[in-house]
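Chains, contacts and geometry: an overview
What follows is each chain in one-letter form.
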Amino acid sequence: MARRPPVVPEQPGPGQESVWDYPRPPRLSPSSRHVRVAAGGLLVADSRRAVRVLETSHPPTWYLPVEDVVPGVLRRSAAAGTVCEWKGLATYWDVLRPDVPPLAAAAWSYQEPTPGFASITGYMSFLPALLECTVDGEPVRPQDGGFYGGWITGDVVGPFKGGPGSWGW
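Description of the structure in this document.

**Remarks on the overall build of the protein chain**
- Helix and strand content of the protein chain: zero helices and 16 strands.
- A globule of 169 residues ought to have a C-alpha radius of gyration of about 15 Å, and the protein chain, at 16 Å, matches this closely.
- The C-alpha extent of the protein chain, read off along each of the three principal axes, is 50 × 35 × 30 Å.
- The burial tally for the protein chain puts 47% of its 169 residues in the buried class.
- Total accessible area on the protein chain is roughly 8,900 Å²; 56% of this is exposed by carbon and sulfur atoms.

Shown next as structure tokens:
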């Protein structure tokens with residue numbers, strides 16, 4: 001078996017944080033930053049009450065209170081739930097848009113999370129690969145790989161889990 005080269009974390013600059021300084025198991029970090037989510041220009045959510053989930057090697061995943069989601073824009077998805085070893089069973093949501101097909105499983109929530117994550121019960125997270133997400137006006141880049149829903153902004157440095165060769169990090 002070939003040995004994997006060690007991961008070399010990027011050095012954070014002023015105002016940045018390294019995902020390699022995030023804990024495992026993950027922790028919750030409330031934020032008052034301005035978070036917006038849109039689909040094709042249609043507002044989906046707007047919040048200054050988000051909670052970030054911070055986990056070693058992952059860009060933050062942002063969760064917004066359901067009260068900050070535009071009413072009627074989400075419906076429960078037919079997509080099967082997945083299980084997070086830390087948070088429990090995820091429920092997926094389709095994002096509805098007028099006159100075009102919905103964006104299937106573009107959001108998720110934990111309706112009955114594990115006790116350590118009870119404070120995000122019902123909070124919604126959104127896939128930046130499918131939606132236009134911003135933090136304080138900065139467009140979010142999606143985490144590579146399509147499996148995780150981390151949000152990459154200029155204030156976090158990696159390397160980030162999700163891309164080729166990172167599965168075992």
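Still more to cover.
**Notes on the pairing of strand E12 (residues 132-135)**
- Burial along E12 is one-sided: the face carrying Cys-133 and Val-135 is buried and the face carrying Glu-132 and Thr-134 is not.
- Taken together, the two bridges between E12 and strand E13 (residues 138-139) define a ladder with antiparallel strand orientation. Considered in E13, the bridge of Thr-134 is made with Pro-139.
- Two successive antiparallel strands, E12 and E13, enclose a turn made up of two residues, where Asp-136 displays a positive phi of approximately 50°.

**Quick look at the pattern of salt bridges**
- Following the criterion strictly, the structure yields eight salt bridges and no others.
- The salt bridge partner of Arg-36 is Asp-46, with a shortest N-O separation of 2.7 Å. One end of the pair, Arg-36, is in strand E3 (residues 35-39); the other, Asp-46, is in strand E4 (residues 42-47), and 10 residues separate them in sequence.
- Given the relative accessible area of 34%, Arg-36 is considered partly exposed.
- Assessed through its relative accessible area of 28%, Asp-46 is described here as partly exposed.
- With its nearest N and O atoms 3.3 Å apart, the salt bridge here joins Asp-94 to Arg-75. Here the residue Asp-94 occupies a position in strand E9 (residues 88-97), and Arg-75 occupies one in strand E7 (residues 74-76), the gap between them amounting to 19 residues.
- Residue classification places Asp-94 among the buried residues on the basis of a relative accessible area of 5%.
- Arg-75 gets classed as partly exposed once you look at its relative accessible area, which sits at 40%.

**Comments concerning the sheet that holds E13**
- Taken in spatial order, the four strands line up as E4-E3-E12-E13 in an open sheet, and their pairing is antiparallel. Edge strands, defined here as strands with exactly one partner in the open sheet, are E4 and E13.
- Where E3 and E12 come together, four bridges link them in antiparallel fashion. Paired with Val-37 across the bridge in E12 is Cys-133.

**Re the layout of surface pockets**
- By volume, the largest pocket is sized at about 580 Å³.
- For the largest pocket, the lining is made up of 26 residues, of which Cys-84, Lys-87, Tyr-110, Phe-147 and Tyr-148 are closest to its centre.
- Of all the elements in the fold, those that place two or more residues in the lining of the largest pocket are strand E6 (61-64), strand E8 (82-84), E9 and strand E10 (100-109).
- At three residues, E8 tops the list of elements feeding residues into the lining of the largest pocket.
- Broken down by class, the residue content of the lining of the largest pocket amounts to 14 nonpolar, seven polar and five charged.

Cut-off values and rules
All residue numbers here refer to positions counted from 1 along the written sequence of the relevant chain. Only residues with pLDDT of 70 or above have their local features reported here, since the model is predicted, and side-chain atom pairs are shown and tallied only from 80 upward, although totals for entire chains, interfaces and linings are computed over all residues. To obtain the side-chain values, all non-hydrogen atoms of the structure were used and water was disregarded. Starting at the N terminus, helices and strands are each numbered in turn, a helix being any DSSP run of H or I of at least four residues and a strand any DSSP run of E of at least two. C-alpha atoms define the radius of gyration in this analysis, and the globule rule sets the expected value at 2.2 Å times the number of residues to the power 0.38. Accessible area is worked out with a 1.4 Å probe on protein chains only. A residue is then buried under 20% of its type maximum, exposed over 50%, and partly exposed in between. For every accessible area listed, the method is Shrake-Rupley and the probe measures 1.4 Å; residues are considered covered only by the protein chains on display. The criterion for strand pairing is that DSSP finds at least two bridges linking the strands in question. Every case where a carboxyl oxygen of Asp or Glu lies within 4 Å of a side-chain nitrogen of Lys or Arg is listed as a salt bridge. The way it works is a 1 Å grid over only the protein atoms, where trapped points that fit a 1.4 Å probe form a cavity and open points with protein on both sides within 12 Å along at least five of seven lines form a pocket, and then any residue with an atom within 4 Å of a point lines it. Grid points are joined across faces, edges and corners, and a volume is the space filled by probe spheres set on the points. Gly counts as polar in this scheme, as do all residues outside two lists: the nonpolar Ala, Val, Leu, Ile, Met, Phe, Trp, Tyr, Cys and Pro, and the charged Asp, Glu, Lys and Arg.

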